[in-house]
Amino acid sequence: MSETVRRVRIMRYGAGSLSELGDVLEEAEITRALLVATRRGAAAVGDLPVAGVYDGVHPHVPVETVREAASLARAREVDGLVGLGGGSAIDTCKAVVAELADDGYEPLPRIVAVPTTYAGAEWTPYFGVRLAPGRKGGGLDERATPIAAIYDPELTLDLPLDVTVGTSMNALAHCAEAYYHPDAQRRAARHADTGATAIAHALPLVVERPNGIYGRSRLLEGAHRAALALAESGVCLAHAMAQAIGGRFGVSQGSANAICLPAAVRFNAEAVPEAVERFATALGTDDAAERVAELAALGGFRQLRDLGVPEDELDVLAEAIAARPGARINPRPASVEEIAGLLSDVW
């Protein structure tokens, strides 16, 4: 593969753009690709120019599925992975690349992401996996960063309301934390400006008219920008809360972020007021946390108890959150007691 292709992002955008997958694979010099998706996702798109299909993707990326997909990738001698679906499909691809790298597999497969939700993680090297019931881990491997993405709003038209809103909230959390992550690059905030504005504008339109291509397209654009913002920054307290909740109780990261993000933004406003004010401006409001809560409510996300999180586990959960990297790097240090208070406020 040429160095030019290795460094340059390849993108296709627009209704019907999945039909260009063959062209994208050719441009990326991928000759044997493995489709990685859920069973439903793989069946929905029909025949694609791939050498094999792994349709065992599950939420939270159980480590067993990573091993299965990696085994199939070895057997088919693939040089590319097409992650079709939400964050779990794309994270599965990233985790497979990391596992194959550890095994000395060459050449390492390059990833083409085809996001069908708004999770906004397709341009990053980060991935999460479920190591065991109630225990979620993650990784970071630059070699696992997708080199191409296809954004096709037609693939999102049947997305349920809770998934639409939940994954949008996950993307919005990427935007929020890009403003105040200590290691954020300057362009992270510019991507976050565009992403947050697009999501705040488009999400109500999509909720009102789920089958509208315009709203879905704008929302997908917002998620794309959120992914770029994350790639130039990292995650903080809101994501640490969502990751711990998801790992312990099986709650989707988007659903957890929908409830935790307003609390985390309010908490951080004291330490980084200018960053939170810029986030509010992008959202078209003077109260960022309140606007995020309003958007989350469009999907019915209001309290952790509604997601099955038991009140008597909040203290243990707070300890797990405090130990996560996102909480440790948060611009305002958060003690276990303070995190427990935030959880109690949104329970």
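The paragraphs below set out a description of the structure included in this document. (Residues numbered from 1 in each chain as written. Predicted model: local features only at pLDDT ≥ 70, side-chain atom pairs only at ≥ 80, totals over all residues. Heavy atoms only, no water.)

What about the sheet that holds strand β3 (residues 52–54)?
We apply this condition: When DSSP finds two or more bridges between a pair of strands, those strands are recorded as paired. Put simply, DSSP H or I for four residues or longer makes a helix, DSSP E for two residues or longer makes a strand, and each gets a number counted from the N terminus. Throughout, an axis means a line fitted to C-alpha atoms (over the contacting stretch in the case of helices), and angles, computed between N-to-C directions, take values from 0 to 180 degrees. The contact criterion used is simple: two residues touch if any of their non-hydrogen atoms lie within 4.5 Å.
Strands sit in the order β1-β8-β5-β4-β2-β3 across an open sheet of 6 strands; the sheet is parallel. Edge strands, defined here as strands with exactly one partner in the open sheet, are β1 (10–13) and β3. Going from strand to strand, the sheet's axes swing by 15° on average, the running direction of each strand aside. Pairing of β1 with strand β8 (residues 148–151), which is carried by 4 bridges, proceeds in the parallel orientation. Bridging across to β8, Ile-10 finds its partner in Ala-148. Each of β2 (33–36), β4 (80–85) and β5 (110–115) touches helix α5 (residues 87–102); the most contacted strand, β4, lies at about 155° to it.

Re the pairing of β4
For clarity, the cut-off: Residue burial is assigned from relative accessible area. The probe radius is 1.4 Å, only protein chains are included, and a residue is buried under 20% of its type maximum, exposed over 50%, and partly exposed in between. By convention a crossover is right-handed if, when the strands point away from the viewer, the path from the first strand over the helix to the second runs clockwise.
Counting buried residues along β4, 6 of its 6 residues qualify, which places the element largely inside the surrounding structure. Direction of pairing for β4 relative to β5: parallel, over a ladder of 6 bridges. In the sheet register, Leu-81 faces β5, and the bridge partner there is Ile-111. Running through α5, the crossover from β4 to the neighbouring parallel element β5 is right-handed.

What about the state of the cysteines?
Note the following rule: Note on terminology: disulfide denotes any pair of cysteine sulfur atoms within 2.5 Å.
Evaluation of the coordinates by the stated rule reveals 0 disulfides. Note on Cys-175: no disulfide assigned, nearest cysteine sulfur contributed by Cys-236 at a separation of 13 Å.

Focus: the pairing of β8
In β8, alternate side chains face the same way, and those of Ala-148 and Ile-150 on one face and Ala-149 and Tyr-151 on the other are all buried. Here 2 bridges tie β5 to β8, and the two strands are oriented parallel to one another. The partner of Val-112 across the bridge, within β8, is Ala-148.

Concerning the environment of Gly-83
Secondary-structure assignment places Gly-83 in strand β4. With 54 residues separating them in the primary sequence, Gly-83 and Glu-29 have C-alpha atoms 17 Å apart. Contacts of Gly-83, omitting those with residues within four sequence positions, involve Val-36, Ala-89, Ile-90, Cys-93, Val-112, Ala-113 and Val-114.

Focus: the environment of Val-45
Mapped onto the secondary structure, Val-45 falls in helix α3 (residues 39–45). Between the C-alpha atom of Val-45 and that of Leu-84, which follows or precedes it by 39 residues, the distance is 9.4 Å. Excluding anything up to four places from it in sequence, Val-45 contacts Leu-18, Leu-84 and Leu-155.

Section: the nonpolar core
Quick reminder of the rule: Nine residue types can take part in a nonpolar core, namely buried Ala, Val, Leu, Ile, Met, Phe, Trp, Tyr and Cys, and a core is a set of them joined through side-chain atoms within 4.5 Å.
In this structure, Leu-172, Phe-279, Ile-321 and Leu-343 are the most contacted members of the largest nonpolar core, which totals 78 residues. Looking at this core, the element that brings in the most residues is helix α6 (residues 161–180), giving 10 residues. When residues no more than four places from it in sequence are discounted, the contact partners of Ile-321 are Leu-237, Ala-240, Met-241, Ala-244, Ala-327, Ile-339 and Leu-343.

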